[in-house]
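For reference, the chains in residue letters:
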Amino acid sequence: MKLHHIIESQQFTVPVLMELFNLADSMERIVARGGTRDYSNKIMALLFYEHSTRTRFSFESAMMRLGGKVIATESAAEFSSFTHGESLEDTVRVVGDYSDVIVMRHYEVGGAARAAAISAVPVINAGDGKGGQHPTQALLDLYTIHREIKTIDGVKVALVGNLAEGRTVRSLAYLLGKFERVKLYFVAPKPLQMQEDIIHYLNNHKVWFTQEENLREIINEVDVVYMTRLEATEGEGMRPSGFFMDESLMKLLPKKAIVMHPLPRANEISPGVDADHRAVYFRQTRNGILVRMALLVSIFDGR
Ligand code: CP
C-alpha cells in the first residue's frame, strides 16, 4: 500500500482501508514494546493554524513511537511568518525542504488541498475549515467501528450534531458510504443538516440514509451513535433535547451498540455515560495513535 497526500476520505478504497487497518493492528505490538527506531531518519513537520489536542499529540506520539523526529510551532497562526503575510504556498514549500511529511490543520476549507498542490513532500490534512474534512479522524473512527462492532458492512450509524459544518462527520459519512448495506441516520436541527455534496454522493452510491431531529426516536435501531458538538449552543450551558446523550437515553441503546465522539465534547454527553462499557470514546482516541502510525508507515515505505 502506497499513500502520498491524505486530503479527503473519498480518495480511499475499501481494500486500502482494510490493508490500513491490518497495519494499524500490527502497530499495537510496536507500541506495546515501547516503539521502534525504524524511521529515525524521518522528520514530520506540524503546521497547525488552529488549536488541537488529540490530532496534534497523537501524530507527535505516533511519529516518536516510530523513532522519527518532529518539528513544529506551537501555533502556526501566531508564531510562523504567516504573521508577516507569508502565503500558505511559500510556507509549505519551505517547510517541505526541512521535513519528509507535513501534517497541517488549516482554518480554510481546501487549505490542505492547496498545500498538497505545490508540496514536494506528502501533506496530511488534519482538518480544514468549517465544513471541510478531517480524514485521519474518520479513519480512526472507522477503525474503531471495525474493532468494536467487528463488521462495517451492514452497520447502522447515527451521526448527531452540527452535520453541516462538522468535518469529522462529513469525512466519516464519505467513508461509511463505501461499504455494503450501511444505514446512516443524520440527526441534527434542520439548519445544521448534512450538506448537499454528501447527500449527492450517498444518492449516487445508493447508500440508505434518513434525516432526523431527535436521537430518541431512532436510538433503538442503531449499532453506533456518533455524537458531535452542536457548535451553535456551545458555552451557553444548553443541553438541547434530541441531541444530548444521557443515562436515560443509554437505557434505550441496544446492548451491543457503542457511543462514539471525536472529542473534545462540550455538553452533548453526560459524564455519567462514561462508565458504561458501550461508551468507547476514550478507546477511540487511543486507536488514533495506531491509525496515524499506520498512515505514516504507509507514506514512508511507499516513497
Ligand atoms: N478530534 C479532534 O480532532 O480533536 P482535536 O481538535 O483535539 O485535535
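Criteria and cut-off values
- Residues numbered from 1 in each chain as written.
- Predicted model: local features only at pLDDT ≥ 70, side-chain atom pairs only at ≥ 80, totals over all residues.
- Heavy atoms only, no water.
- Near = heavy atom within 4 Å.
- Polar contact = N/O pair within 3.5 Å; in protein donor to acceptor, adjacent residues only side chain to side chain.
- Areas by Shrake-Rupley, 256 points an atom, 1.4 Å probe, with all protein chains shown as cover.
- Domains from an automatic or database assignment.
- Contact = heavy atoms within 4.5 Å.
- Buried area = accessible area lost by both parts, 1.4 Å probe.
- Buried < 20%, exposed > 50% of the residue type's maximum accessible area, 1.4 Å probe, protein only.
- Helix = DSSP H or I, 4+ residues; strand = E, 2+ residues; numbered from the N terminus.
- Pairing = 2+ DSSP bridges.
- Right-handed = clockwise from strand over helix to strand, strands pointing away.
- Core = buried A, V, L, I, M, F, W, Y, C linked by side-chain atoms within 4.5 Å.
- Phe/Tyr/Trp six-rings, centres within 6.5 Å; stacked < 30°, edge-to-face > 60°.
- Lys NZ or Arg CZ within 6 Å of the ring centre and 35° of its normal.
- Salt bridge = Lys/Arg side-chain N within 4 Å of Asp/Glu carboxyl O.
- Axes fitted to C-alpha atoms, helices over the stretch in contact; angles between N-to-C directions.

Student: Hey, could you run me through the site of the ligand in this one?
Tutor: The environment of the ligand is formed by Ser 52, Thr 53, Arg 54, Thr 55, Arg 105, His 134, Gln 137, Pro 262 and Leu 263. With respect to the ligand, the side chain of Ser 52 contributes an N or O atom lying 2.6 Å from an oxygen atom. One nitrogen or oxygen atom from the main chain of Arg 54 is found 2.9 Å from an oxygen atom belonging to the ligand. Contact with the protein chains hides 92% of the accessible area of the ligand, taken as 260 Å² for the molecule alone. Looking at which domains feed residues into the shell around the ligand, each of domain 1 (9–133 + 285–301) and domain 2 (135–281) gives three or more.

Student: For this particular structure, what's the right way to read the domain arrangement of the protein chain?
Tutor: Put simply, an interface is often sized by how much accessible area is lost when its parts join up. The domains assigned to the protein chain are domain 1 (9–133 + 285–301) and domain 2 (135–281). On a C-alpha basis, the centres of domain 1 and domain 2 stand 25 Å from each other. Listed per partner, the contact involves 32 residues of domain 1 and 27 residues of domain 2. For the pair domain 1 and domain 2, the summed buried surface comes to about 2,600 Å²; carbon and sulfur atoms form 59% of the total. The largest contributions to the domain 1 side of the interface with domain 2 come from Ser 9, Phe 21 and Asn 287, which together make up 21% of the buried area.

Student: Would you explain the pairing of strand 6 (residues 183–187) in this entry?
Tutor: Each regular strand shows side chains that alternate between the opposite faces of the sheet. Of all the 5 residues making up strand 6, 4 are buried; the element is thus mostly covered by neighbouring parts of the structure. The pairing of strand 5 (residues 156–160) with strand 6 spans 5 bridges and is classified as parallel. Residue Val 157 lies in a different strand from strand 6, and its bridge partner there is Leu 184. Crossover strand 5 to strand 6 through helix 7 (residues 167–176) is right-handed. Pairing of strand 6 with strand 7 (residues 208–212), which is carried by 5 bridges, proceeds in the parallel orientation. Of the residues in strand 7, the one forming a bridge with Tyr 185 is Thr 210. Once the chain exits strand 6 it traverses helix 8 (residues 196–204) before rejoining the sheet at strand 7, and the crossover so formed is right-handed.

Student: Explanation requested: the nonpolar core in the structure shown.
Tutor: In a soluble, globular protein the nonpolar side chains are often hidden away together inside. Counting residues in each nonpolar core, the largest one holds 89 residues, and the members touching the most others are Leu 159, Leu 176, Leu 215, Met 245 and Leu 296. Ranked by the residues each element gives to this core, the list is headed by helix 11 (residues 281–302), at 11 residues. When residues of this core are sorted by domain, at least three fall in each of domain 1 (9–133 + 285–301) and domain 2 (135–281). Discounting residues that sit within four places of it in the chain, Leu 296 has contacts with Met 44, Phe 59, Ala 62, Met 63, Leu 66, Val 101 and Ile 124.

Student: Explain the packing of aromatic side chains here, please?
Tutor: For any pair of aromatic rings, the description rests on two quantities: the centre-to-centre distance and the angle between the ring planes. One pass over the full model with this rule turns up 9 aromatic pairs. An angle of 55° between the planes, with centres 5.3 Å apart, marks the rings of Phe 21 and Tyr 143 as tilted. In this pair, Phe 21 sits in helix 1 (residues 14–32) while Tyr 143 sits in helix 6 (residues 135–149), placing the two residues 122 residues apart along the sequence. Relative accessible area serves as the criterion here: at 0%, Phe 21 is assigned to the buried category. Overall, Tyr 143 belongs to the buried group, its relative accessible area being 0%. In textbook terms, an aromatic cluster arises when at least three aromatic residues are bridged by ring pairs, as seen for Tyr 49, Phe 82 and Tyr 107. For Lys 183, the ring lying beneath its charged end belongs to Trp 208, and the centroid distance is 4.9 Å.

Student: Which parts of the structure should I look at to understand the pattern of salt bridges?
Tutor: Pairing of side chains with opposite charge becomes possible as their charged atoms draw close. Throughout the structure, instances matching the rule amount to 12 salt bridges. The salt bridge involving Arg 167 is made with Glu 50; its shortest N-O contact spans 2.9 Å. Linking Arg 167 in helix 7 with Glu 50 in the loop between strand 1 (43–48) and helix 2 (54–65), this pair joins segments that are 117 residues apart in sequence. The buried category is assigned to Arg 167, whose relative accessible area is 14%.

Student: What is the right way to read the sheet that holds strand 2 (residues 69–72) from this model?
Tutor: The strands making up a sheet associate through hydrogen bonds between their backbones, and the pairing can be parallel or antiparallel. On the basis of which strands lie adjacent, the open sheet formed by 4 strands has the order 2-1-3-4 and parallel pairing. Edge positions in the sheet fall to strand 2 and strand 4 (123–128), since each of these pairs with one other strand and no more. The mean inter-strand angle of the sheet, taken between neighbouring strand axes irrespective of direction, is 20°. Direction of pairing for strand 1 relative to strand 3 (residues 101–106): parallel, over a ladder of 5 bridges. Across the sheet, the residue bridging to Phe 48 is Arg 105, located in strand 3. Here helix 11 sits on the sheet in contact with strand 1, strand 3 and strand 4, set at roughly 135° to strand 3.

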